Amino acid sequence: NAGVTQTPKFRILKIGQSMTLQCTQDMNHNYMYWYRQDPGMGLKLIYYSVGAGITDKGEVPNGYNVSRSTTEDFPLRLELAAPSQTSVYFCASISGQGTYEQYFGPGTRLTVT
Amino acid sequence: AQRVTQPEKLLSVFKGAPVELKCNYSYSGSPELFWYVQYSRQRLQLLLRHISRESIKGFTADLNKGETSFHLKKPFAQEEDSAMYYCALMEGSWGKLQFGAGTQVVVTP
């Protein structure tokens with residue numbers, strides 16, 4: 001199993017551009033999450049999903065959108081990139097079947113200039 | 001609102017010395033707490049969860065509800081323990097985690 005994979009690893013965006021961060025897991029996990037990690041701030045939850053077709057906002061959802069059309073994929077969309085979205089983005093998943101260990105992807109480092 | 005506090009940004013210890021990483025939380029219900037670790041160039045991974053009461057890589061963590069703490073301890077630090085450590089609190093029933101700011105541990109020989 002590859003676990004949780006994220007693409008791209010790095011990206012530089014100009015202000016106002018849009019992009020999609022991809023996240024895929026091959027563990028048949030129901031629950032998936034997007035976090036952002038800012039220096040000295042820990043990880044903050046952006047959006048989460050408890051199954052295909054079901055998503056909900058986390059702590060810092062503004063400026064982002066998500067969709068969950070399949071169990072495997074949970075893309076994160078930035079519509080109008082702003083410098084405040086410069087961060088490292090992590091995707092994670094759990095099975096939701098009694099164990100709450102989150103499995104993390106390697107992260108995407110995004111810079112908006 | 002739930003909150004997780006890790007007061008130390010950086011902890012520098014000598015190899016063989018004890019290490020303790022502090023974590024305090026505020027939560028109105030019965031908390032479920034975790035320690036996650038990120039080694040250099042690796043992804044974040046689970047180290048401990050409080051309900052399992054395990055000792056992983058020599059680390060232990062005890063939940064103290066009276067002091068609302070979940071400190072991580074190891075009696076003899078090793079160089080391979082150098083990493084970033086995050087305390088996390090699970091909120092609600094959907095597995096969502098609230099993380100502390102993290103503590104960078106550096107173990108010097």
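The structure this text deals with has already been given above.
Per chain, the residues get numbers from 1 upward, laid out in the order the sequence is written. Numbering of ligands from 1 and lettering of chains from A proceed in the order in which they are written. Totals for whole chains, interfaces and linings use all residues, but because this is a predicted model, local features are given only for residues with pLDDT of at least 70 and pairs of side-chain atoms are given and counted only at 80 or more. Computation of side-chain values: all heavy atoms of the structure, hydrogens and water removed.

So what's going on with the interface of chain A and chain B? Residues and values would help.
By a widely used convention, the size of an interface equals the accessible area lost when the partners come together. Two residues qualify as a contact provided that any one of their heavy atoms is within 4.5 Å of a heavy atom in the partner residue. In this assembly, 23 residues from chain A lie in contact with 20 residues from chain B. Once two parts are put together, the accessible area they lose, assessed with a 1.4 Å probe and summed over both, is termed the buried area. For the pair chain A and chain B, the two sides together bury roughly 1700 Å², of which 55% comes from carbon and sulfur. The three residues of chain A that bury the most area against chain B are A:L43, A:Y100 and A:F104, which together make up 33% of that side's buried surface. One side-chain nitrogen of Lys or Arg within 4 Å of one carboxyl oxygen of Asp or Glu is enough to make a salt bridge. Linking chain A with chain B are zero salt bridges. Looking at the side of chain A that touches chain B, the elements with two or more residues in it are β4 (31–37), β5 (43–51) and β9 (87–94) of chain A. Classification used: nonpolar for Ala, Val, Leu, Ile, Met, Phe, Trp, Tyr, Cys and Pro, charged for Asp, Glu, Lys and Arg, polar for all others including Gly. Of the residues contributing to the side of chain A that touches chain B, the split by class is 14 nonpolar, seven polar and two charged. What counts as a helix is a DSSP run of H or I of at least four residues, what counts as a strand is a run of E of at least two, and both are numbered from the N terminus.

Now, about the pairing of β4(A): what can you tell me, with residues and values included?
Residues and elements named next belong to chain A. In terms of burial, β4 is largely enclosed, as seven of its seven residues are buried. With a 1.4 Å probe rolled over the protein chains alone, any residue whose accessible area is under 20% of its type maximum counts as buried; one over 50% counts as exposed, and the rest are partly exposed. Burial along β4 is two-sided: Y31, Y33, Y35 and Q37 facing one way and M32, W34 and R36 facing the other are all buried. We call two strands paired when DSSP finds no fewer than two bridges between them. The sheet contact formed by β4 and β9 spans seven bridges and is antiparallel. Bridging across to β9, M32 finds its partner in S93. Here six bridges tie β4 to β5, and the two strands are oriented antiparallel to one another. Residue pairing for β5: Y35 is matched across the bridge by L45. Taken together, β4 and the strand that follows it, β5, pair antiparallel across an intervening segment of five residues, in which G40 is found at a positive phi of about 70°.

Just give me the short version of the state of the cysteines, but keep the residues and values in it.
Residue and element names in this part refer to chain A. When the sulfur atoms of two cysteines come within 2.5 Å, that pair is taken as a disulfide. Applying the stated criterion to the full structure yields two disulfides over all chains. Here C23 pairs with C91 through a disulfide, and the sulfurs are 1.8 Å apart. Taking the torsion about the S-S bond as the criterion, the C23 to C91 disulfide, at about -70°, is left-handed. In this pair, C23 sits in strand β3 (residues 19–25) while C91 sits in strand β9, placing the two residues 68 residues apart along the sequence. Comparing C23 with C91 shows no difference in burial state: the two are buried.

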